[in-house]
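A look at the structure
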Amino acid sequence: MRIIVLGSAAGGGYPQWNCNSEYCRLARNDSTRAFPRTQSSLAVTADGSRYLLLNCSPDLRQQLNQTEPLHPREGLRSSPVKAVVLTNGDVDHIAGLLTMRESEPFSIYASARVHRILTTNSIFNVLNPEYVRRHTIALSAPFRPEDAHGRPLGLEVEAFAVPGKVALFLEDASRGGDFGTEEGDTVGLHVRSPESGASFHYIPGCAGLTDSLRQRLDGSGLLFFDGTLFRDDEMITMGVGKKTGRRMGHISMNGEDGSLAAFRDLCIDRKIFIHINNTNPVLVENSPERKIVEQAGWTVSRDGQVIDL
Ligand code: MLT
Ligand code: MN
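Notes on the structure in this doc start here. (Residues numbered from 1 in each chain as written. Chains lettered and ligands numbered in written order. Predicted model: local features only at pLDDT ≥ 70, side-chain atom pairs only at ≥ 80, totals over all residues. Heavy atoms only, no water.)

**Some points on unusual backbone geometry**
With an omega of 0°, the peptide bond between Tyr 14 and Pro 15 qualifies as cis. Structurally, Pro 15 is set in the loop between β1 (2-7) and α1 (22-29). Even without being a glycine, Asn 55 presents a positive backbone phi close to 75°. Relative to the helices and strands, Asn 55 is located in the loop between β3 (51-54) and α2 (60-65). Even without a glycine there, the phi angle at Phe 179 is positive, about 60°. Mapping Phe 179 onto the fold places it in the loop between β7 (156-161) and β8 (187-192). (Helix = DSSP H or I, 4+ residues; strand = E, 2+ residues; numbered from the N terminus.)

In structure tokens form, the structure reads like this:
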């Protein structure tokens, strides 16, 4: 099984189009100290030719263009991308579907809650149902993703509920502190090759670790995990926003209630942060915060990174 990191940044990417912060200027002007990053997504293949996307970012077109294995190879119109699994309905994870609108067969797998976002936003009708098959996935029930013609891709995926928040554009303040969040709004994925037995977890959005989530992840060989913010209040202290990570539905790295502490006692061979916000100092090579996460046994993902399992 091969994993390609198509995008490692959170919503907005790095640098973000309207952000003139020190970190975003670094990404524009000094690529030795901070590498630009697109919005989070992975591509996974079991056979080296047919790919499953985990999330579909607004940067998909750029990601496909700069990833040679994902270029069309057969006939005049084709794509190695055969299916997509969505972990939530935020813009940074679904807007790339609009790039995939040119009558190309593929399958979309998502929870009922996330499918509802696609069916109730008529712009997604550009995905012609004659070509694009939509499958609703049940939580905690492994399934084998197929292309649009029903051919299995040689992978098994299990989606499981994780603490999170309903998509930003669906927040309903009248429904209380969780803004109307329901189970299935945010899921994590366990992706496995039934042939080799290799597997990994992908959780690009997570508000906190429950006991059952800790148990599920303990012993994982490889985890991609929500690295949105380093400090819960960093957007406020940097003066670029009004929200904490907690308010946005993301656990932050630092502090006693942060992800570095939450994973300290778990046995996970390889821990990689993904979905990293442009305010997070770990984006800067050699920053003190980068050293802290590395000393805690984590690495920070980069676009184009390839992992073979
Ligand atoms: C998030 O991860 O919190 C969202 O992607 C925010 C957004 O939609 O911009
Ligand atoms: Mn996001």
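**Section: the sheet that holds strand β12 (residues 298-300)**
Taken together, six strands build an open sheet; the order of strands is β7-β8-β9-β10-β11-β12 and the sheet is mixed. Two strands lie at the open edges of the sheet, namely β7 and β12, each paired on one side alone. Within the sheet, the average angular offset between the axes of one strand and its neighbour, ignoring direction, is 25°. Both strand β10 (residues 223-226) and strand β11 (residues 271-274) contribute to a ladder of four bridges, which runs parallel. The residue of β11 that forms the bridge with Phe 225 is Phe 273. (Pairing = 2+ DSSP bridges. Axes fitted to C-alpha atoms, helices over the stretch in contact; angles between N-to-C directions.)

**Some thoughts on the nonpolar core**
Tyr 14, Ile 203, Phe 225, Phe 263 and Val 293 are the most contacted members of the largest nonpolar core, which totals 33 residues. Looking at this core, the elements that each hand over two or more residues are α1, α5 (211-217), β10, α8 (259-262) and β12. Residues in contact with Val 293, not counting those within four places in the same chain, are Phe 230, Met 253, Leu 260, Phe 273, Val 282, Trp 298 and Val 300. Listed in part, the 27 residues of the second largest apolar core include Val 44, Ile 137, Val 187 and Phe 224. (Core = buried A, V, L, I, M, F, W, Y, C linked by side-chain atoms within 4.5 Å. Buried < 20%, exposed > 50% of the residue type's maximum accessible area, 1.4 Å probe, protein only. Contact = heavy atoms within 4.5 Å.)

**Side note on the side chain of Thr 45**
By the secondary structure assignment, Thr 45 is in strand β2 (residues 41-45). The buried category is assigned to Thr 45, whose relative accessible area is 1%. Leave out the neighbours within four places in its chain, and Thr 45 touches Met 1, Arg 2, Arg 50 and Tyr 51.

**Quick look at the sheet that holds β1**
The seven strands are arranged β6-β5-β4-β3-β2-β1-β13 in an open sheet whose pairing can be described as mixed. For this open sheet the edge positions go to β6 (132-136) and β13 (306-308), each flanked by a neighbour on one side alone. When strand polarity is set aside, the average angle formed by the axes of neighbouring strands in this sheet is 20°. Strand direction decides the pairing type here: strand β4 (residues 81-85) and strand β5 (residues 106-110), joined by three bridges, are parallel. By the bridge assignment for β5, Ala 83 is matched with Ser 107.

**Topic: the site of ligand 1**
Inspection of the region around ligand 1 gives Asp 90, Asp 92, Leu 168, Met 248, His 250 and His 275 as its neighbouring residues. Separating an oxygen atom of ligand 1 from a side-chain N or O atom of Asp 92 is a distance of 3.0 Å. His 275 is positioned with one of its side-chain polar atoms (N or O) 3.1 Å from an oxygen atom of ligand 1. Contact with the protein chains removes 78% of the 270 Å² of surface that ligand 1 exposes when unbound. Classifying every residue of the shell around ligand 1 gives two nonpolar, two polar and two charged. (Near = heavy atom within 4 Å. Polar contact = N/O pair within 3.5 Å; in protein donor to acceptor, adjacent residues only side chain to side chain. Areas by Shrake-Rupley, 256 points an atom, 1.4 Å probe, with all protein chains shown as cover. Nonpolar A, V, L, I, M, F, W, Y, C, P; charged D, E, K, R; others polar.)

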